[in-house]
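Structure at a glance
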Amino acid sequence: MPLTPSKRTLAEAVCLPGDAGRKLGEGETALLWQWLHEDPACPSRVLLAKVAQTQSPIAVSIRHLNRLRVKWKLNRRKGRPRQAGGSRPVSSGAEVVALTPHLACVGVHLFADWLDHQESFAPVVARLIQAIQAYKSAHPDDDFAL
Amino acid sequence: MRRRWQALFFAPLLGIDTLTACDTHEHPLQTLVGRGYQSSTLRQFLGQLERIDAATALMPALVPPQEGQVTYVDGHMIAYWSRLSMHKGKITMLGRIMAGSQAVIAHNEAGHGLFVAYHPPDIHLSHIIVDYCYKVSTATGSSLFVIDRAVNSVAMACAFAKQGLGLLCMLDDNEHAGLASFAATEVGTLEDGTKVYSGPWQAPRPEDPRHFVIVEPAEGKTLVYWGTPKVKEALETTEWPRVYRERSERQENGFKRMIDHGALNTNYGRKKIMAPDRHQQRAREKLTQALEAAQKRVDKKAEVVKAYQDKVVESASRGHGKRLEQRQRALVIGAKELTDAQHQHAKLAEHASALGPSRERAERDFRKQTIMTLRTLLLENALTSFMAVLLGVLNIQVSLDCILKVLFERSGARMETDSQVIYWVNTTGLSVAYRRRLTKVVDGLGTMDLLHQGKPLYVRLKALSP
């Protein structure tokens, strides 16, 4: 029973690149497959630009390319292209480490950051550690959790 | 330990006054200190701090590196509710005589909290203030104190002078008759044009070491400030009114601020210690003195009656007519006075016996309360420093209260990338004027070069649809 192109595995697709489209040869299809495998999230337009830069341009439309990507399961989600790693775009283009969309008492967080930068807690913690040491040495048998 | 301390430290700013509020309040401790805490954990931590006597260990952390010249001291009464019989005092803010605790707090000229000690509410400030100020002086190096009229007395001035401390205080209005009471000379004029005079009492009082500064406004009552010799040496007399007036902002308003956002009036720890009932002791002492005086009066009246009786007998034996009558009348009056005195004595004796055997009253164990007030003072000091830095980069005047309302209490969002941290502050519900003010504050924060773990920190405003 002949398999429909959509049901083919990726390996089969690689083996039978000529079946993918009558206009593309084996080598051309393999080249496209390789590029897409190197960067699966690469937008099709970027890929077309790459194609155009080759010595012998491949006659492939963006629609054809998209169909191939669907078949090879190398297509992207709908919407604007994302940055590497699928993270949200930020103004600097940096990777998001943590995102808290709803934060209560924003000013207190800013104040806490300022205090951290000033190392305001260091003297307090140092004094507490001293007091704990003094207590432990004065009461060696006490069970002390701090 | 650092995180638990931070949780206690920031709790009042997050609306957590009592520790049990951690269990019911929607608080951002998780994002703020990296972990959320329940009240049981924080209560256990506070118990551990109590065991290691953290209050003594942390007290020096209040003292700023630079030594101040003047220290302001005032007492603050905090109400306490209990079913046990406890010592009572006047809780000023509630206007009631009830159980509570008296926090005696010292601030420096910049408004930084320096020291705190708790005392039972029935002990008057004048009984503890000299020892307290000596401790503060040892801890901070500052030996000039400004205290309100609770310590106004010659005895107090002498006690401070004896300890080598300076005290600036005020005279009560009934202690002087204006400028006429003093041998004062004009020393300057205040900004509002009021003349300032300085000098000792008009009639010499060798036992009184105080020097006086008199401010006589065109209208209203004359204000008389007094200082011990040490104050006179250290401060220009023209400065005394200004230095004393700053007490209101540093302390009275400071207490109000700490009540509002520092949980100063919240009670922590319910441990109590049984102690002799001082109210009963005082009542007994007073009655014993009155009984002694009544007994003396009875004895005296009895002697008088006895003398009249002898005189009546003498007049009767000598056959006096008119004199006998006079002496008999005097004897009747004397006998009545004796009966009255005996009656008064009996009444006092009855009151004394009604006091019953010596009783006990509960007293608070102030250790946890002291640690938490220290926390409040540390928080207030940190807020004051933050405001000083913020106001330094702003070109507008904005109060701490305003910052707390428009910045600290607002919600928003936070995003951390590998190179920066961005905060968004929601502006929903802000009036145009406050939004403008917040914009300037946010701009100011941008120039403060805030960092979070080495990453630059940016703040933006965010308008949410209602």
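Treat the numbers as computed from the prediction; the structure is a model and nothing was measured.

Description of the packing of helix α5 (residues 54-62) of chain B against helix α12 (residues 367-393) of chain B
Residue and element names in this part refer to chain B. Across the interface, α5 lies against α12 with an axial gap of 10 Å and an inter-helix angle of 20 degrees. Here α5 is positioned roughly parallel relative to α12, judged by the angle of their axes. The hand of the α5/α12 crossing is left-handed. Two secondary-structure elements touch here, α5 through Ala54, Ala55, Leu58, Met59, Ala61 and Leu62 and α12 through Arg367, Thr370, Ile371, Leu374, Leu377, Leu378 and Asn381. Grouping the amino acids of the contact of α5 with α12 by side-chain chemistry returns ten nonpolar, two polar and one charged.

Describing unusual backbone geometry
We note that Glu119(A) has phi near 55 degrees; this positive angle belongs to a residue other than glycine. Topologically, Glu119(A) is positioned in the loop between α5 (106-118) and α6 (121-138). Residue Glu119(A) is classed as exposed on the basis of its C-beta count, with 9 C-beta atoms lying within 10 Å. At Gln453(B), a position not held by glycine, the phi torsion is positive, near 50 degrees. Of note, Gln453(B) is situated in the loop between β15 (451-452) and β16 (455-462).

Focus: the interface of chain A and chain B
Of the residues lining the interface, 38 residues belong to chain A; the matching set on chain B comes to 44 residues. Put simply, the parts of the chain that give the side of chain A that touches chain B at least two residues each are β1 (96-103), α5 and α6 of chain A. Among the elements that line the side of chain A that touches chain B, the one with the most residues is α5(A), at eleven residues. Tallied by class, residues from the side of chain A that touches chain B come to 27 nonpolar, eight polar and three charged. Of the pairings in the sheet, the one linking β1(A) to strand β13 (residues 412-417) of chain B comprises five bridges and is antiparallel in character. Each bridged residue has a counterpart across the sheet, and for Leu103(A) the counterpart in β13(B) is Gly412(B).

Observations concerning the sheet that holds β1(A)
Here we have five strands laid out as an open sheet, ordered β1(A)-β13(B)-β14(B)-β16(B)-β15(B), and mixed in their pairing. If you trace the sheet from one side to the other, it starts and ends with β1 of chain A together with β15 of chain B, each paired once. Of the pairings in the sheet, the one linking strand β14 (residues 421-426) of chain B to β16(B) comprises six bridges and is parallel in character. In the strand pairing of β16(B), Trp424(B) is matched with Arg460(B). The strands that α5(A) touches are β1 of chain A together with β13, β14, β15 and β16 of chain B; relative to β14(B), the one it contacts most, it runs at about 145 degrees.

Focus: the confidence of the model for chain B
Within chain B, residue pLDDT values average 90, and 99% of them lie at 70 or more. Scored by ipTM, the complex comes to 0.83, with pTM at 0.76.

Considerations on the domain arrangement of chain B
Looking at chain B, the domain boundaries give domain 1 (1-52), domain 2 (60-271), domain 3 (278-358) and domain 4 (394-462). Here the C-alpha centre of domain 4 of chain B lies 80 Å away from the C-alpha centre of domain 3 of chain B.

Cut-off values and rules
Residues numbered from 1 in each chain as written. Chains lettered and ligands numbered in written order. Predicted model: local features only at pLDDT ≥ 70, side-chain atom pairs only at ≥ 80, totals over all residues. Axes fitted to C-alpha atoms, helices over the stretch in contact; angles between N-to-C directions. Helix = DSSP H or I, 4+ residues; strand = E, 2+ residues; numbered from the N terminus. Parallel < 35°, antiparallel > 145°, perpendicular 65-115°, else oblique. Left-handed = near helix turned anticlockwise from the far one by under 90°. Contact = placed C-beta atoms within 7 Å. Nonpolar A, V, L, I, M, F, W, Y, C, P; charged D, E, K, R; others polar. Buried ≥ 20, exposed ≤ 12 C-beta atoms within 10 Å, placed from the backbone. Pairing = 2+ DSSP bridges. pLDDT = per-residue confidence, 0-100. Domains from an automatic or database assignment.

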